[in-house]
Amino acid sequence: MCELDRVRLALMNPALIEQKKEERTFDEAAKPFVELTMREGIETVWDRFEMQQPPCRHCESGLSCSRCAMGPCRIIPPNRVRGVCGADADLIVSRNLLDTLATGAAAHSDHGREIVETLYGIGMGTVTDYVIADPGKMRRLAEEYGLSTAGMDDTRIAAELGRAMLEEYGSIKDSLQIAMRAPEATLEVWEKAGIAPRGIDRDVVDAMHRVHMGVGADYGNILTHGLRASLSDGWGGSSIATEISDVLFGTPEPNESLVNLGVVRESHVNISLHGHNPLLSEMVVKASKDPEILALVKKVGAAGINLVGLCCTGNELLMRKGIPNAGNHFNQELVITTGALEAMVVDYQCIFPSLPRTASCYHTHVITTSPKSKIPGSYYFEFEPEDAYATAKAIVKMAVENFTNRNPARVFIPVEPVRVTTGFSVEAITGALGGTLKPLIDQIASGNIRGAAGIVGCNNPKVKHDYGHVTLTKELIKRDILCVETGCAAIASGKAGLLQPEAASLAGPGLRPVCESLGIPPVLHMGSCVDCSRILHLAAALGNALNVGIHRLPLAGAAPEWYSQKAVSIGAYFVASGVYTVLGVMPKITGSPPVVSLLTEGLKGMVHASFAVEPDPLKAADLISDHIERKRTELGI
Ligand code: BF8
């Protein structure tokens, strides 16, 4: 049942709606939908955020602990300065942060595991619905893993490479193969700091062990392990997710598509593909072309099937298949309010648990598919790679049949989509430069390009939707800093028109001609959030070309609107890899000045990089360009 929040609705008047619409989102195409939700009383993330204010200030500063049954405890000086167990503020804050980080690392890496299990299944003959889309890349990876591929067919390589990668998750090995791509100097930094990544699962389990009560009381030691666990994510689980998704579904190449809520088409059966893991969505793409399905589409009177992506599953499809993308994290509820969405198909991560509630205001079916991610109020189709096509076809069929339940009077799509160029894998960037990164290095050395910034992460109601991403990105390209983006940051740039070659006109006098001569945008979309690993691989290739550690390069990272545990892990592996990273939202650490100081200053002594927190994207741009100029001076360029 669609439950309208009548109390809140009563407070809404046209002037207030107008004001809130502008406060809530910077995404022009989202504004009419945000307005609609307020007029009709359809609850959104922004309403729930308001209802949660003010937040508990102890929780906000990381000073609450409910880790064991002696608590819950909160640190409230002067009297309550230790939890029941004796943990002080520094320990409570650091343990909470390690817990958050390990959750994020686990989510990325478990996603990577499911991808590589599918590769292994292909090799073993148990998975038959998928093919190897990029056998050349699979062979290169197999050789990187020390397998001799001469005389081996693709199936055998899939099995051997799959097994070798699955072993990266265990605890027998004590190093990660893809991490060996890092420059020698970066590997030495990790060794010296004791944070060289080991088994992917092992480092997460080690983290969970450390957050148990009574295991450690040294906040620095706890956070140091956080760096190691994050490296196991970035150079391990996320790298595996990226590389094997390329093997199974194709390595992205530049392609054109469309983004924003205007990609929903009134004449078509619309299916949104939301979440992170491309295994199901790739199969839905295939199933949507099945002759039986197409016959059904005709029968229900639709003009066709329109697949649209959301969040990172959407990024995977956009990068490889050019499937239009309806938007980022805060567009997920709004796409339902088009009234023309027959099904919202989800895998896992970043899916609002309340989506079935939103959908109940319309005819939309929310369809869950992962045993790890069941949501009350949704239809559940258990998805396994072994019978992927049949499941995908059943899902598409349900969506098509739902077309007849659509209420034409409620269809509302008053916006036009924006053109984007995406698909910038490391291979595609290198290819566009003529097969080597040297032209990019030359442009950086000459100063036409001052450096590069990786802008990543989410939406968070603490920041106006997309404002942080778009403002920071625009400001950096204006200063001749090339932006490489993933996740919801990249989609924000796409919606703002920054992923078009024409956006070069917004770049500074050095970057602009470089982009124009190559016909590329000044903001390169490198993929989903696990594809932040592509940013690491690009940084590693640049470091190796110059024979320096990543920390010496004129690079920076930013997460202007981050919210998720995964983003904490990404930020930590950027910093641990030597990339100065600016966060737009303060983590829950202010209850411990020593923890704040370690993360913003102390880490420089360990990994030659640190975090900064700056909510104002214009000031964040200053921090990033100052850092890049400092690195240029140190390099003597
Ligand atoms: O993994 S950027 S809101 S969708 S966590 Fe989620 Fe954040 Fe978006 Fe992609 Ni990443």
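Calculation notes
Residues numbered from 1 in each chain as written. Predicted model: local features only at pLDDT ≥ 70, side-chain atom pairs only at ≥ 80, totals over all residues. Heavy atoms only, no water. Core = buried A, V, L, I, M, F, W, Y, C linked by side-chain atoms within 4.5 Å. Buried < 20%, exposed > 50% of the residue type's maximum accessible area, 1.4 Å probe, protein only. Helix = DSSP H or I, 4+ residues; strand = E, 2+ residues; numbered from the N terminus. Contact = heavy atoms within 4.5 Å. Near = heavy atom within 4 Å. Polar contact = N/O pair within 3.5 Å; in protein donor to acceptor, adjacent residues only side chain to side chain. Domains from an automatic or database assignment. Pairing = 2+ DSSP bridges. Right-handed = clockwise from strand over helix to strand, strands pointing away. Salt bridge = Lys/Arg side-chain N within 4 Å of Asp/Glu carboxyl O. Phe/Tyr/Trp six-rings, centres within 6.5 Å; stacked < 30°, edge-to-face > 60°. Lys NZ or Arg CZ within 6 Å of the ring centre and 35° of its normal. Buried area = accessible area lost by both parts, 1.4 Å probe. Disulfide = S-S within 2.5 Å. 1 Å grid on protein atoms, 1.4 Å probe; cavity = no way out; pocket = protein on both sides within 12 Å on 5 of 7 lines; lining within 4 Å. Points joined across faces, edges and corners; volume = space filled by probe spheres on them. Nonpolar A, V, L, I, M, F, W, Y, C, P; charged D, E, K, R; others polar. Donors = N, O, S within 2.8 Å, 3.2 Å for Na, K, Ca; no water. Axes fitted to C-alpha atoms, helices over the stretch in contact; angles between N-to-C directions. Parallel < 35°, antiparallel > 145°, perpendicular 65-115°, else oblique. Left-handed = near helix turned anticlockwise from the far one by under 90°.

A short note on the nonpolar core
Consideration 1: Leu119, Trp190, Ile244 and Ile271 are the most contacted members of the largest nonpolar core, which has 170 residues in total.
Consideration 2: If you tally residues by element for this core, the top one is helix 6 (residues 89–124), at 13 residues.
Consideration 3: When near neighbours in sequence (up to four residues on either side) are disregarded, Ile271 contacts Ile305, Asn306, Leu307, Val308, Leu341, Ala343, Val345, Val396 and Ala399.
Consideration 4: Grouped together as the second largest cluster of nonpolar side chains are 35 residues, Val45, Phe330, Met344 and Ala359 included.

Thoughts on the site of the ligand
Consideration 1: His276, Cys311, Cys312, His329, Cys350, Gly457, Cys458, Cys488, Cys529, Tyr563, Ser564 and Lys566 make up every residue found near the ligand.
Consideration 2: Residue His276 places a side-chain N or O atom 2.6 Å away from an oxygen atom belonging to the ligand.
Consideration 3: Within the side chain of Lys566, one N or O atom sits 3.1 Å away from an oxygen atom of the ligand.
Consideration 4: Of the domains in this structure, domain 4 (255–410) and domain 5 (419–635) are the two that each give at least three residues to the shell around the ligand.

Description of the pairing of strand 12 (residues 481–486)
Consideration 1: A large share of strand 12 lies buried, amounting to six of its six residues.
Consideration 2: Residues Ile481, Cys483 and Glu485 point to one face of strand 12 and Leu482, Val484 and Thr486 to the other, with burial holding for every one of them.
Consideration 3: Here strand 11 (residues 451–455) pairs with strand 12 via five bridges, running parallel. From the neighbouring strand, Ala452 faces strand 12, where its bridge partner is Leu482.
Consideration 4: Chirality of the crossover, the property in question, places the unit of strand 11, helix 19 (residues 467–478) and strand 12 among those that are right-handed.
Consideration 5: The sheet contact formed by strand 12 and strand 13 (residues 523–527) spans four bridges and is parallel. Its bridge partner being in strand 13, Val484 is matched across the sheet by Leu524.

A short note on the pattern of salt bridges
Consideration 1: Under the defined criterion, the tally for this structure stands at 48 salt bridges.
Consideration 2: The partner of Lys372 in a salt bridge is Asp110, with the nearest N and O atoms 2.7 Å apart. Taken together, the positions of Lys372 in the loop between strand 8 (365–368) and strand 9 (379–380) and Asp110 in helix 6 put the pair 262 residues apart, joining distant regions of the chain.
Consideration 3: For Asp110, a relative accessible area of 22% gives the class partly exposed.
Consideration 4: Here Glu282 makes a salt bridge to Lys321, at a shortest N to O gap of 2.7 Å.

Notes on the packing of aromatic side chains
Consideration 1: Using the criterion set out here, one finds seven aromatic pairs in the structure.
Consideration 2: Ring centres of Tyr130 and Phe249 lie 6.0 Å apart, and the angle between their planes is 65°; on these two criteria the pair is classed as edge-to-face. Separated by 119 residues along the polypeptide, Tyr130 in the loop between helix 6 and helix 7 (135–144) and Phe249 in helix 11 (residues 219–249) bring together distant segments of the chain. Each member of the pair Tyr130 and Phe249 is classed as buried.
Consideration 3: The side chain of Arg48 reaches across the aromatic face of Phe352, ending 5.4 Å from its centre.
Consideration 4: The cationic tip of Arg410 hangs over the ring face of Tyr362; the distance from NZ or CZ to the ring centre is 4.0 Å.

What to know about the domain arrangement of the chain
Consideration 1: According to the domain assignment, the chain consists of domain 1 (6–54), domain 2 (55–87), domain 3 (94–244), domain 4 (255–410) and domain 5 (419–635).
Consideration 2: If you average the C-alpha positions of domain 1 and of domain 5, the two centres end up 32 Å apart.
Consideration 3: On the side of domain 5, nine residues touch domain 1, which itself brings nine residues to the contact.
Consideration 4: Taken as a group, Phe26, Asp27 and Phe49 account for 64% of the area that domain 1 buries against domain 5, more than any other trio of residues on that side.
Consideration 5: Applying the counting criterion to the domain 1 and domain 5 interface returns one salt bridge.
Consideration 6: For Asp27, the salt bridge identified is with Lys495, shortest N-O distance 2.8 Å.

A few points about the state of the cysteines
Consideration 1: The full count for this structure, using the stated rule, is zero disulfides.
Consideration 2: Just so you know, Cys85 is unpaired, no disulfide at all, and the nearest cysteine sulfur is the one on Cys68, 6.0 Å from it.

Thoughts on the layout of surface pockets
Consideration 1: In this model, the largest pocket occupies a volume close to 1,100 Å³.
Consideration 2: Lining the largest pocket are 34 residues, and of these Asn460, Lys462, Trp562, Tyr563 and Lys588 sit closest to its centre.
Consideration 3: Every element with two or more residues in the lining of the largest pocket is listed here: helix 4 (45–51), helix 5 (57–60), helix 6 and helix 23 (565–576).
Consideration 4: A per-element tally of the lining of the largest pocket places helix 6 first, with five residues.
Consideration 5: Grouping the amino acids of the lining of the largest pocket by side-chain chemistry returns 15 nonpolar, 13 polar and six charged.

Focus on the coordination of the nickel atom of the ligand
Consideration 1: You will see that the nickel atom of the ligand has only one donor from the protein, Cys529 (SG), lying 2.3 Å away.
Consideration 2: When you line up the elements, Cys529 lands in the loop between strand 13 and helix 22 (532–546).

Brief notes about the packing of helix 2 (residues 14–24) against helix 3 (residues 31–40)
Any two packed helices are characterised by the angle at which their axes cross and by the distance between the axes.
Consideration 1: Two numbers describe how helix 2 lies on helix 3: the axes approach to 9 Å, and their chain directions differ by 135°. As far as their axial angle goes, helix 3 and helix 2 are oblique. The crossing of helix 2 and helix 3 is right-handed. The residues of helix 3 that touch helix 2, namely those facing Ile17, Lys20, Lys21, Glu22 and Arg24, are Lys31, Val34, Glu35, Met38 and Arg39.
Consideration 2: Of the residues belonging to the contact of helix 2 with helix 3, the class tally is three nonpolar, no polar and seven charged.

Brief notes about unusual backbone geometry
Consideration 1: Gln53 connects to Pro54 through a cis peptide bond whose omega is -10°.
Consideration 2: Considering the arrangement of structural elements, one finds Pro54 in the loop between helix 4 and helix 5.
Consideration 3: A positive phi angle, close to 60°, is found at His608, a residue other than glycine.
Consideration 4: Tracing the sequence through the fold places His608 in the loop between helix 25 (604–607) and strand 16 (611–613).
Consideration 5: Given a relative accessible area of 38%, His608 falls into the partly exposed group.

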